[in-house]
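Overview (structure and organization)
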Amino acid sequence: GYKYSGSNSLGSVAWYYDNSGSRTHAVGTKSPNELGIYDMSGNVLEWCQDWYGSYSSSSQRNPKGPNSGSDRVIRGGSWFSFARYCRVSIRIFNTPDYGSHNLGFRLAL
């Protein structure tokens, strides 16, 4: 129910354009979200497994995108992002071969 992952106050959970000093920071130096996971907003944008596409207009929980496509979803915002791009509701996208200094992925087991 938060605007950002773990809080409605971005500065408490994320390194972003206004507070990052234009660089990444060690994971865990801001507060975690309610699941105990750090840096889901800000610090580094994260690739998602989902292909990018439109969602249906009805209200959904964990909506599924298309089964294939040309662009993958990127979420979370980064140290280079303005606050609006760090919101949990924002999805951006790019081709899977795209790379950037503020983009990565999270390994989870």
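From a predicted model like this one, the values you see are computed outputs, not experimental measurements. (Residues numbered from 1 in each chain as written. Predicted model: local features only at pLDDT ≥ 70, side-chain atom pairs only at ≥ 80, totals over all residues. Heavy atoms only, no water.)

1. Overview of the overall build of the chain
- The secondary structure content of the chain amounts to 1 helix and 4 strands.
- The order of helices and strands in the chain, counted from the N terminus, is α-β-β-β-β.
- Its C-alpha atoms give the chain a radius of gyration of 14 Å, near enough to 13 Å, the size a compact globule of 109 residues would have.
- C-alpha extents for the chain along the principal axes are approximately 35 × 30 × 30 Å.
- When the 109 residues of the chain are sorted by exposure, 31% land in the buried category. (Helix = DSSP H or I, 4+ residues; strand = E, 2+ residues; numbered from the N terminus. Rg over C-alpha atoms; globule rule 2.2 N^0.38 Å. Buried < 20%, exposed > 50% of the residue type's maximum accessible area, 1.4 Å probe, protein only.)

2. Focus: the side chain of Ser78
- Structurally, Ser78 can be placed in the loop between strand S2 (72–75) and strand S3 (92–94).
- Its relative accessible area of 0% is what places Ser78 among the buried residues.
- Here Asn102 takes part through its side chain, which lies 2.9 Å from a polar atom of the side chain of Ser78. (Polar contact = N/O pair within 3.5 Å; in protein donor to acceptor, adjacent residues only side chain to side chain.)

3. Some details on the pattern of salt bridges
- Throughout the structure, instances matching the rule amount to 1 salt bridge.
- Here Glu46 makes a salt bridge to Arg106, at a shortest N to O gap of 2.7 Å. Note that Glu46 is positioned in strand S1 (residues 45–51) and Arg106 in the segment after strand S4 (103–104), a separation of 60 residues in sequence. (Salt bridge = Lys/Arg side-chain N within 4 Å of Asp/Glu carboxyl O.)

4. With respect to the layout of surface pockets
- Size it by volume and the largest pocket reaches roughly 1,000 Å³.
- Around the largest pocket, the lining comprises 30 residues; the ones closest to its centre are Met40, Cys48, Asn62, Arg75 and Val88.
- At 5 residues, the largest contribution of residues to the lining of the largest pocket is made by S1.
- When its residues are assigned to classes, the lining of the largest pocket shows 12 nonpolar, 9 polar and 9 charged.
- By volume, the second largest pocket amounts to about 180 Å³.
- Around the second largest pocket, the lining comprises 13 residues; the ones closest to its centre are Leu45, Phe80, Ser81, Tyr85 and Ile92.
- Grouping the amino acids of the lining of the second largest pocket by side-chain chemistry returns 7 nonpolar, 5 polar and 1 charged. (1 Å grid on protein atoms, 1.4 Å probe; cavity = no way out; pocket = protein on both sides within 12 Å on 5 of 7 lines; lining within 4 Å. Points joined across faces, edges and corners; volume = space filled by probe spheres on them. Nonpolar A, V, L, I, M, F, W, Y, C, P; charged D, E, K, R; others polar.)

5. Details of the sheet that holds S3
- Strand order in the open sheet formed by 4 strands is S3-S2-S1-S4, with mixed pairing between adjacent strands. Unpaired on one side and paired on the other, S3 and S4 mark the two borders of the sheet.
- Here S1 pairs with S4 via 2 bridges, running parallel. Each residue of the ladder has a partner; that of Leu45, found in S4, is Leu103. (Pairing = 2+ DSSP bridges.)

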